[in-house]
Amino acid sequence: MGKFGNPDFDLFQLPEEHEALREAIRALSEKEIAPYAKEVDEKARFPEEARAALVANGFNAVHVPEQFEGQGADSLAACIVIEEVARVDVSASLIPAVNKLGTMGLILSGSDELKAKVLPSIASGEAMASYALSEREAGSDAAAMKTRARKDGNTWVINGSKCWITNGGQSSWYTVMAVTDPDKGANGISAFMVHKDDEGFTVGPLEHKLGIKGSPTAELYFENCTIPEDRIIGDEGTGFKTALATLDHTRPTIGAQAVGVAQGALDAAIAYVKERKQFGKTISQFQGVEFMIADMAMKVEAARLMVYAAASRAERGAGPLGFISSASKCMASDVAMEVTTDAVQLFGGAGYTTDFPVERMMRDAKITQIYEGTNQVQRMVMARALLRG
Ligand code: COS
């Protein structure tokens, strides 16, 4: 070993417990989630079998801190769980992913009392959580939201609507961003925890989507929705910062989802090209096919490393996360789109049918380039971080 050598340390080797976690969640996903993925997609129904299996085995919300009856898994472990579920069913991977998205603001900025009220039920699987930032006219420009919250005695009264809410209707708790002071722009937005049974809260119609059909995407309505004053997350006016800080922590989880679906498509393509015969040999023996497989695997590996680097930095709280978190989500989702599209190509006509999972994977991959911020917004966030100096 040279001056910098340390035989006990390998930056690119995951710790044993993370590898063991991967083995466990992969086995569970293949046995208890994969068999239902096709039907879940065809019927656009919630993956109940996946929820039951994830809850029974403690994989539904691994990120919840131990102090609040959770497993306190680190960010990398949460990514591994999401990645492995997404490898077989992207819709099902939204259970652990959105539970994290819907509670991260609370974990980062909420009071211990509010955490104690919400988090144990998420950890146990009794409840799920969603994140409500977007509105019809405030998507990428999230600070342009119109939903209002005003103080009334010892309550907050919320009016407005939110849209594209992943797992809307399935979740019991919603992190809702609303304007509390319209004169202060982004600094006049506050974050709240709203429960599905709160007066004045209703779930609207579901979207009909290209992919992730097993995960409902709903509109939420707030009509004089009245919640206790202690349901605010952090101080008044800090909600937009909480919302963006949340995304700093969760964009790598979308990267993990993208890596997972890309790996699933790559695995399916490798198996297929070794079986499929044309011109008297398996198509894996054609150099054009070999090169495609090599490129696909190379991209997946690079995306995985970037996602893990982003998750590790989020875990360590190492500096501003904006660049790395957006870069990991953006790169991994672009890779997922390329790799799943190439997988369909390698299957040929068969890949375009629902007899094989790759067409579903391609449709599911598309959303990773759009949600938690379009990849155009990710590039904006990255550029701002770089150009700030
Ligand atoms: N963490 C904490 N605070 C942050 C932050 C971060 N990562 N990034 C910015 N802020 C702060 C800024 O410092 C600013 O506060 P001050 O005025 O006190 O300095 C405030 O938040 C507003 O920031 P900014 O002016 O940059 O906001 P913009 O309105 O320009 O919007 C983007 C920034 C576009 C990046 C943001 O709206 C965004 O991410 N949009 C996409 C939304 C999204 O991902 N939607 C998907 C929802 S989940 S499906």
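You'll find the structure just up there.
Residues numbered from 1 in each chain as written. Predicted model: local features only at pLDDT ≥ 70, side-chain atom pairs only at ≥ 80, totals over all residues. Heavy atoms only, no water.

Can you tell me about helix α10 (residues 375-387), naming the residues and giving the values?
Between its first and last C-alpha, α10 extends 18 Å over 13 residues, near the 18 Å set by a 1.5 Å rise per residue. When we look at burial in α10, the residues that qualify are Asn375, Val377, Gln378 and Met382. All buried residues of α10 fall inside an arc of 155° around its axis, so they share one side. Exposed residues pointing more than 90 degrees away from the buried face of α10 are listed as Gln376, Arg384 and Leu387. (Helix = DSSP H or I, 4+ residues; strand = E, 2+ residues; numbered from the N terminus. Expected span 1.5 Å × (residues − 1). Buried < 20%, exposed > 50% of the residue type's maximum accessible area, 1.4 Å probe, protein only. Arc of directions from axis to C-beta.)

I'd like to hear about the packing of helix α4 (residues 90-109) against helix α6 (residues 239-275), residue by residue, with values.
Relative to each other, α4 and α6 sit at 160°, their axes nearing to 9 Å. In terms of axis orientation, α4 runs roughly antiparallel to α6. In this structure, the crossing between α4 and α6 has a hand that is right-handed. Taken together, the residues of α6 that come into contact with α4 (itself represented by Val90, Ser93, Leu94, Lys100, Leu101, Met104, Gly105, Leu108 and Ser109) are Thr242, Ala245, Thr246, Leu247, His249, Thr250, Thr253, Gln257 and Val261. Classifying every residue of the contact of α4 with α6 by side-chain character gives eight nonpolar, nine polar and one charged. (Axes fitted to C-alpha atoms, helices over the stretch in contact; angles between N-to-C directions. Parallel < 35°, antiparallel > 145°, perpendicular 65-115°, else oblique. Left-handed = near helix turned anticlockwise from the far one by under 90°. Contact = heavy atoms within 4.5 Å. Nonpolar A, V, L, I, M, F, W, Y, C, P; charged D, E, K, R; others polar.)

Give me the lowdown on the pattern of salt bridges, citing residues and values where you can.
Note that side chains of opposite charge can pair when their charged atoms are close. On inspection of all chains with the given rule, the structure shows 24 salt bridges. Linking arginine 231 and aspartate 198 is a salt bridge whose minimum nitrogen-to-oxygen distance equals 2.9 Å. Here the residue arginine 231 occupies a position in the loop between β7 (217-228) and β8 (232-233), and aspartate 198 occupies one in the loop between β5 (189-195) and β6 (201-206), the gap between them amounting to 33 residues. The pair arginine 231 / aspartate 198 is uniform in exposure class, with both members buried. Overlapping salt bridges bring together Glu19, Arg22, Arg26, Glu83, Glu84, Glu301 and Arg304 as one network. (Salt bridge = Lys/Arg side-chain N within 4 Å of Asp/Glu carboxyl O.)

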